[in-house]
Amino acid sequence: MSRLLDNLNTEQLAAVTLPAQSALILAGAGSGKTRVLTTRIAWLLQTGQVSQSGILGVTFTNKAAKEMLTRLGAMLPINTRGMWIGTFHGLCNRFLRAHYREAALPQTFQILDTADQLAAIKRLLKALNVDDEKFPPRELQHFINAQKEAGYRANAVEAWDEFTRRRVELYAEYDAQCQREGVVDFPELLLRAYELLERNEPIRRHYQLRFRHILVDEFQDTNRLQYLWLKLIAGFASETPAAVFAVGDDDQSIYGFRGAEVGNMRDFEREFRVANVIRLEQNYRSHGNILDAANAIIANNSQRLGKNLWTDQGAGEPIRVYEAVADMDEARWVVEEIQQLVREGAARGDIALLYRSNAQSRVLEHQLFSTGLPYRVYGGLRFFERQEVKHALAYLRLIANPDDDTAFARVVNFPTRGIGARSLEQLQDAARMFNTSLYATVPHLNGKPAQSIGAFVKLVEELRRETADLSLPEMIDHVLEVSGLRAHYRAEREGQERLENLDELISAATGFLHDDSAPVEGEESLPGDPLSRFLAHASLEAGEHQADAGQDAVQLMSVHAAKGLEFDVVFITGLEDGLFPHENSIQEHEGLEEERRLMYVAVTRARKRLYLSLAQSRMLHGQTRYAVKSRFFDEIPEGLLKWLTPRVQQGFGQHYTPSRGDSFTTSAPRQPSRDLIGFRIGQQVRHARFGAGVIVSAEGSGQDARVQVNFGSGGGMKWLALSVAKLEAA
DNA sequence: TACTATACGGTTTTT
DNA sequence: CCGTATAGTA
């Protein structure tokens with residue numbers, strides 16, 4: 001036991017060895033959060049307070065779950081396989097597979113990822129003849145998911161207006177369709193699990209008795225439903241509630257836009273009667289100046305639970321700031337600086353380029369590429385999201401569950417088999433009439449579609465029969481060949497990489513079987529057949545999106561993607577008001593605070609050296625945009641910054657020479673420039689109320705002429721009618 | 001049915 | 001600017 005607790009600081013030790021009560025650990029960036037979490041589990045096990053099966057460990061990403069298991073395995077001589085440590089979704093999937101009957105699901109239920117769900121919604125709208133102009137599928141998807149994540153079924157949603165009432169109806173129709181097809185979307189995994197626990201007392205009792213210690217990572221990212229689920233499974237109101245060990249950092253809550261509720265931390269403290277709130281404030285990652293900047297920035301937020309990071313590492317270097325004229329100059333400077341660092345011995349993999357939005361990577365990539373510096377960009381398509389892989393999976397899904405209409409619609413005519421829109425429409429109408437799945441409707445067809453689609457059904461049945469006794473990889477190989485997928489991509493000019501990905505799918509299945517089917521000690525074997533488990537795995541773990549260490553390449557990623565990572569050298573680029581903080585978030589107080597937390601996350605990624613950079617002009621959506629420097633600069637003590645470029649007073653447009661293409665080219669096809677004489681894009685202006693700003697864009701002419709001005713911290717992005725607003729050139 | 005033109009929209013993202 | 005989605009044509 002002593003070994004285990006060696007080298008923990010006072011707070012970490014206190015957290016790890018807390019008594020079996022609910023506790024909230026406020027873990028600042030770089031304070032050893034994961035270590036505390038895993039050591040806590042190890043300590044609980046080693047001291048015999050709980051058995052392996054009595055622990056429930058919840059994370060948000062598969063990566064975090066895997067890391068926890070790996071570290072745990074390194075600390076104790078135990079077989080961690082079979083432990084209930086995983087993501088919310090992964091654990092709920094496991095739970096629902098074990099109790100599929102009680103959850104009213106087919107044993108082979110499939111999981112829709114975001115794209116599948118959208119396709120299912122589009123199909124539904126079409127079948128119901130709903131005008132998708134009035135009810136955009138994406139918007140409806142967001143509505144449905146938001147309701148589910150708040151814990152509401154369609155019948156529980158309060159609808160006051162006609163529009164919402166209709167959306168609620170569609171929500172109900174969508175759920176009915178999913179049920180008919182035997183598929184569940186991501187939020188459904190949680191909601192279904194929650195409802196089953198709530199409704200079924202024996203099952204609830206069983207799990208409440210079993211999980212005595214529940215540990216939750218990144219608690220600030222939980223949404224309403226996840227919190228409700230935790231409450232339920234912990235039996236928080238019962239005589240013998242489980243001990244919930246919640247670790248999180250309200251200052252790093254950056255997923256509010258997708259439903260995360262920081263407020264859950266406060267609710268947790270109150271509702272679970274948390275007696276112990278422990279703050280981990282010693283930072284082992286960053287030098288002092290970097291930490292001071294981060295602390296200063298985040299101090300501007302209200303409603304914090306309160307925390308101040310410190311380090312004993314010394315101040316280190318100042319934060320370097322570079323102000324470029326244009327985005328291309330910014331990129332050029334970044335790359336030169338990196339080359340210099342590499343010459344001085346830095347490893348490329350220890351250098352990260354961060355940006356607020358992915359579109360910004362383009363210029364940086366271009367510059368890196370032309371310099372020949374190896375780099376890696378995170379945030380693209382993931383393996384299981386590639387179309388060829390999804391096509392292959394669709395065949396497998398049909399084998400497992402023929403009622404999966406999403407899979408059916410995806411591959412019924414891929415590779416093409418002469419089944420056109422007409423035939424499909426006929427089939428969908430018939431399916432609606434008989435209230436059966438597409439697959440089950442085919443025998444009812446007559447005429448030409450009966451032939452063509454009938455042949456497809458025969459193919460799937462043949463595949464199912466022929467692969468019944470094959471191993472998973474053999475099965476996939478057979479399906480790829482007989483379905484014609486391989487032939488299709490072999491014939492395609494650019495099909496080589498797709499073929500390789502299909503082979504990779506077979507390897508993935510081999511690897512999955514290896515990890516998945518090893519015997520588990522003292523634990524029931526995982527429920528479901530290998531195929532269904534593999535398909536669930538493919539939906540739940542679309543492949544790595546987040547960076548992993550290793551390769552010696554400069555790392556490019558959004559600030560969101562950088563959360564949880566650290567680098568010796570970090571560049572935060574594009575620090576312009578309107579970009580970072582993003583203009584869409586500047587308006588509301590809440591939005592701006594989340595942007596600030598994002599900035600806090602970005603800054604705290606750096607170990608030794610931090611660069612901040614901005615560009616006075618930037619190509620965005622095919623237009624040159626002008627901006628003032630980010631208001632976050634004003635929140636960092638001047639003494640921490642070292643400006644590498646001369647500081648210009650209010651200084652934009654000063655280095656600026658108008659060039660071709662900079663005149664008013666706007667989305668409005670009228671000829672505005674004539675009427676805007678005296679103003680041009682990029683110009684410094686002054687407004688009585690908002691102060692100094694820069695004209696960012698313009699539209700309209702004459703009386704309608706409007707300009708968009710970025711006033712930075714004085715008022716953000718504003719549209720002003722020139723005929724009304726008193727703007728003067730500054 | 002498959003290919004090409006055009007229109008549109010464009011933070012952040014895991015599961 | 002640039003990728004995606006839909007409409008239109010061979």
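Worth saying up front: this structure is predicted, and the values here are computed from it rather than measured.

## A closer look at helix H9 (residues 186–199)
Its 14 residues place the ends of H9 20 Å apart at the C-alpha level, agreeing with the 20 Å of an ideal helix rising 1.5 Å per residue. The buried fraction of H9 amounts to 11 of the 14 residues, a majority that puts the element mostly inside the structure. Residues of H9 that are buried include every one of Pro187, Glu188, Leu189, Leu190, Leu191, Arg192, Ala193, Tyr194, Glu195, Leu196 and Leu197, and no others. Taking the backbone nitrogen of Glu188 as reference, a side-chain oxygen 2.7 Å away marks Asp185 as the first, capping residue of H9.

## Digging into the protein's contact with DNA strand B
Taken together, the neighbourhood of DNA strand B is formed by 28 residues, with Arg356, Ile419, Gly420, Ser558 and Ser585 sitting nearest. Counting only the atoms of DNA strand B within 4 Å of the protein, the fraction contributed by sugar and phosphate is 52%. For DNA strand B, a phosphate oxygen lies 3.0 Å from a polar atom in the side chain of Thr416.

## A look at the pairing of strand E3 (residues 84–87)
The side chains of a regular strand alternate, first on one face of the sheet and then on the other. The sheet contact formed by strand E2 (residues 55–59) and E3 spans four bridges and is parallel. From the neighbouring strand, Gly57 faces E3, where its bridge partner is Ile85. For the crossover that starts at E2, traverses helix H4 (residues 62–75) and ends in the parallel E3, the hand is right-handed.

## Focus: the protein's contact with DNA strand C
All residues adjacent to DNA strand C are Arg362, Met619, His621 and Gly622. Counting only the atoms of DNA strand C within 4 Å of the protein, the fraction contributed by sugar and phosphate is 46%. Between His621 and DNA strand C, the recorded distance is 3.5 Å, taken from a backbone N or O atom to a base nitrogen. Grouping the amino acids of the surface near DNA strand C by side-chain chemistry returns one nonpolar, two polar and one charged.

## Brief notes about the packing of helix H16 (residues 387–400) against helix H23 (residues 496–516)
Where H16 meets H23, the closest approach of the two axes is 9 Å, and the angle between their N-to-C directions is 45°. One element, H16, and the other, H23, form an angle in the oblique class. Crossing of H16 over H23 shows right-handed handedness. Side by side, H16 and H23 meet where Gln387, Glu388, Val389, Ala392 and Leu393 of the first sit next to Arg498, Asn501, Leu502 and Leu505 of the second. Residues of the contact of H16 with H23, tallied by class, amount to five nonpolar, two polar and two charged.

## Notes on the pattern of salt bridges
If the charged atoms of two oppositely charged side chains come close together, the side chains can form a pair. The final tally for this structure, using the stated rule, is 53 salt bridges. With a closest N to O distance of 2.8 Å, Lys390 and Asp116 form a salt bridge. Of this pair, Lys390 sits in helix H16 while Asp116 sits in helix H6 (residues 114–127), and the two are 274 residues apart along the sequence. Across the salt bridge formed by Glu271 and Lys231, the nearest N and O atoms sit 3.1 Å from each other. With Glu271 in helix H12 (residues 263–271) and Lys231 in helix H11 (residues 224–234), this pair connects stretches of sequence that are 40 residues apart. Take Lys231: its relative accessible area is 12%, and that puts it in the buried class. A single salt-bridge network, built from bridges that share partners, covers Lys148, Arg153, Asp175, Asp185, Glu188, Arg192 and Glu195.

## Re the packing of aromatic side chains
All told, the structure shown has 27 aromatic pairs when counted by the stated rule. Judged by centre distance (4.7 Å) and plane angle (40°), the rings of Phe268 and Phe272 are tilted. In this structure Phe272 comes out as buried when scored by relative accessible area, which is 10%. Aromatic pair Phe384 and Phe534: ring centres 6.3 Å apart, planes at 75°, arrangement edge-to-face. Separated by 150 residues along the polypeptide, Phe384 in the loop between strand E11 (375–377) and H16 and Phe534 in helix H24 (residues 530–540) bring together distant segments of the chain. A single burial state applies to Phe384 and to Phe534, both of which are buried. Taken together, Phe219, Tyr227, Phe236, Phe268 and Phe272 form an aromatic cluster joined through their ring pairs. Sitting over the face of the ring of Tyr255, Arg258 holds its NZ or CZ atom 3.7 Å from the ring centroid.

## Description of the environment of Gly90
Counting through the fold element by element, Gly90 comes out in helix H5 (residues 88–98). Taking the C-alpha atoms as reference, Gly90 lies 9.9 Å from Ala65; in sequence the two are 25 residues apart.

## Details of the UniProt feature "domain: UvrD-like helicase ATP-binding" (unreviewed entry) in chain A
Look at the UniProt record and you will see "domain: UvrD-like helicase ATP-binding" (unreviewed entry) annotated at residues 6–287. End-to-end, the C-alpha atoms of residues 6–287 are 24 Å apart, and along that stretch the chain is 49% helix and 12% strand.

## As for the side chain of Asn145
Relative to the helices and strands, Asn145 is located in helix H7 (residues 137–149). When neighbours within four sequence positions are excluded, Asn145 is seen to be in contact with Gln117 and Pro187.

## Describing the nonpolar core
Core analysis: the biggest nonpolar cluster contains 64 residues, and Leu56, Phe95, Leu96, Ile214, Trp229 and Phe268 have the highest contact counts within it. For this core, the element with the most residues is H11, which contributes eight residues. Not counting chain neighbours up to four residues away, the residues in contact with Phe95 comprise Trp84, Ala193, Leu196, Leu197, Ile203 and Tyr207. Within the second largest apolar cluster, 49 residues are counted, among which are Ala400, Leu445, Ile506 and Leu531.

## Brief notes about the sheet that holds E3
Taken in spatial order, the six strands make up an open sheet running E3-E2-E6-E7-E1-E8, and their pairing is parallel. The strands lining the two open edges of the sheet, one partner per strand, are E3 and strand E8 (276–280). Between one strand axis and the next, the sheet turns through 15° on average, direction left out of account. By the bridge criterion, four bridges tie strand E1 (residues 23–27) to strand E7 (residues 243–248) in an arrangement that is parallel. Considered in E7, the bridge of Leu24 is made with Ala246.

## Topic: the environment of Leu128
Locating Leu128 in the fold gives a position in the loop between H6 and H7. Judged by relative accessible area, which is 22%, Leu128 ranks as partly exposed. For the pair Leu128 and Arg432, spaced 304 residues apart in sequence, the C-alpha separation works out to 9.2 Å. If we skip the residues at most four places from it in the chain, Leu128 touches Leu170, Glu173 and Arg432.

Reading the values: rules and limits
- Residues numbered from 1 in each chain as written.
- Chains lettered and ligands numbered in written order.
- Predicted model: local features only at pLDDT ≥ 70, side-chain atom pairs only at ≥ 80, totals over all residues.
- Heavy atoms only, no water.
- Helix = DSSP H or I, 4+ residues; strand = E, 2+ residues; numbered from the N terminus.
- Expected span 1.5 Å × (residues − 1).
- Buried < 20%, exposed > 50% of the residue type's maximum accessible area, 1.4 Å probe, protein only.
- Polar contact = N/O pair within 3.5 Å; in protein donor to acceptor, adjacent residues only side chain to side chain.
- Near = heavy atom within 4 Å.
- Pairing = 2+ DSSP bridges.
- Right-handed = clockwise from strand over helix to strand, strands pointing away.
- Nonpolar A, V, L, I, M, F, W, Y, C, P; charged D, E, K, R; others polar.
- Axes fitted to C-alpha atoms, helices over the stretch in contact; angles between N-to-C directions.
- Parallel < 35°, antiparallel > 145°, perpendicular 65-115°, else oblique.
- Left-handed = near helix turned anticlockwise from the far one by under 90°.
- Contact = heavy atoms within 4.5 Å.
- Salt bridge = Lys/Arg side-chain N within 4 Å of Asp/Glu carboxyl O.
- Phe/Tyr/Trp six-rings, centres within 6.5 Å; stacked < 30°, edge-to-face > 60°.
- Lys NZ or Arg CZ within 6 Å of the ring centre and 35° of its normal.
- UniProt positions renumbered as here; feature names shortened; annotations may be inferred.
- Core = buried A, V, L, I, M, F, W, Y, C linked by side-chain atoms within 4.5 Å.

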